[in-house]
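Listed here are the chains, written in short residue letters.
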Number of protein chains: 2
Amino acid sequence: MSALSIGDLARRTGVPVETIRYYERMGLLPKPPRTEGNYRAYEATHERRLAFVKRSRDLGFGLDAIRALLDLANGADRPCGEVDALARDQLAEVERKIADLTAMRAELQDMLGHCRNDTVADCEIIGRLRGK
Amino acid sequence: MSALSIGDLARRTGVPVETIRYYERMGLLPKPPRTEGNYRAYEATHERRLAFVKRSRDLGFGLDAIRALLDLANGADRPCGEVDALARDQLAEVERKIADLTAMRAELQDMLGHCRNDTVADCEIIGRLRGK
DNA sequence: GCTTGACCCTGTAGCGGCTACAGGGTGCAG
DNA sequence: CTGCACCCTGTAGCCGCTACAGGGTCAAGC
């Protein structure tokens, strides 16, 4: 029915216009038909696909992984082991990052906890950055 | 005493050669004197400064913040309020990232927990990516 | 019918923080 | 004196956008 302009699609999905065009260039979204005036004219299928991409991005999947997920999502009767593997990889990656950041947080909190609001010369934070 | 080559410095600090040169270009490390053969010749001061940069990077500080920290670290009698503020900003940033990643982890774990190793058509993971 | 202003188009360059060449020079051991 | 490890500069690529510049389109209001 209703053809959506790229701006409409951006408003509906929360994905910026520039990013939508970027996803198209990267092959995540099909090239949509154009109006007479050469405007992109999207349909509901495009909106669903973009929403899929957005949700995947929100979970931290990279664009390569998303391309793979999109391909897998279109082969309905194949087993979902590959999907599972991609999700598991992504979970592992997220957990690794959380571990790194948690260590950073602990160190930063500890530094700040020891700060006596002194001069730089006896600053605990600077002292630790200089070499524990 | 001993002048270090860039490779020596890399081995001692764990910072790759290319990254050391990059830090120099970015103004985080002073341009070291050169040997006759135009090799960089580092001293202990350079090693300390690079170690400072590395520890800051390990805590997630950006290069701009590190430049500021290095400047502050050289003004020994000034109060360390600015240092404190930079560390607090960095802590806030780290906490924001942890929160984002923790939400991602929960969603990924939940998806994976519901996976029945079925076909893609009834795959919970794909289903949720399609739109909860 | 004409202007204004919001929207759209393409193409290119920039961000951060590296990393990876290419194409050369240096220095030391065998 | 030859080989090899190391060093040099300069440039391009990575990811996922984001921000232009320089133009075209379209609908509303006068």
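Our subject is the structure that appears above.
All values reported here derive from a predicted model rather than from experimental measurement.

**Some words on the environment of Arg48(A)**
Then, in step 1: With respect to the helices and strands, Arg48(A) occurs in helix 3 (residues 44-58).
Then, in step 2: Sequence separation between Arg48(A) and Ile126(A) is 78 residues; the distance between their C-alpha atoms is 51 Å.

**Quick look at the environment of Thr13(B)**
Residue and element names in this part refer to chain B.
Then, in step 1: Summarising the element assignment, threonine 13 is placed in helix 1 (residues 6-13).
Then, in step 2: Between the C-alpha atom of threonine 13 and that of glutamate 47, which follows or precedes it by 34 residues, the distance is 7.4 Å.
Then, in step 3: Contact partners of threonine 13, with chain neighbours within four places excluded, come to Glu47, Leu50 and Lys54.
Then, in step 4: Polar side-chain contacts of threonine 13 include one of 3.2 Å to the backbone nitrogen of valine 15.

**With respect to the relation of the copies chain A and chain B**
One copy of the chain maps onto the other through a rotation about an axis plus a displacement along that axis.
Then, in step 1: Rotating chain A by 180° about the axis while translating it 0.0 Å along that axis superimposes it on chain B, leaving an RMSD of 0.0 Å. Expressed as an axis order, the relation between the two copies is that of a two-fold axis. No C-alpha of chain A lies nearer the rotation axis than that of Ile98(A), which sits 2.9 Å from it.
Then, in step 2: Most of the interface of chain A is mirrored in chain B, where 100% of its interface residues again form contacts.

What counts as what
Residues numbered from 1 in each chain as written. Chains lettered and ligands numbered in written order. Predicted model: local features only at pLDDT ≥ 70, side-chain atom pairs only at ≥ 80, totals over all residues. Heavy atoms only, no water. Helix = DSSP H or I, 4+ residues; strand = E, 2+ residues; numbered from the N terminus. Contact = heavy atoms within 4.5 Å. Polar contact = N/O pair within 3.5 Å; in protein donor to acceptor, adjacent residues only side chain to side chain. Least-squares fit on C-alpha atoms with pLDDT ≥ 70 in both.

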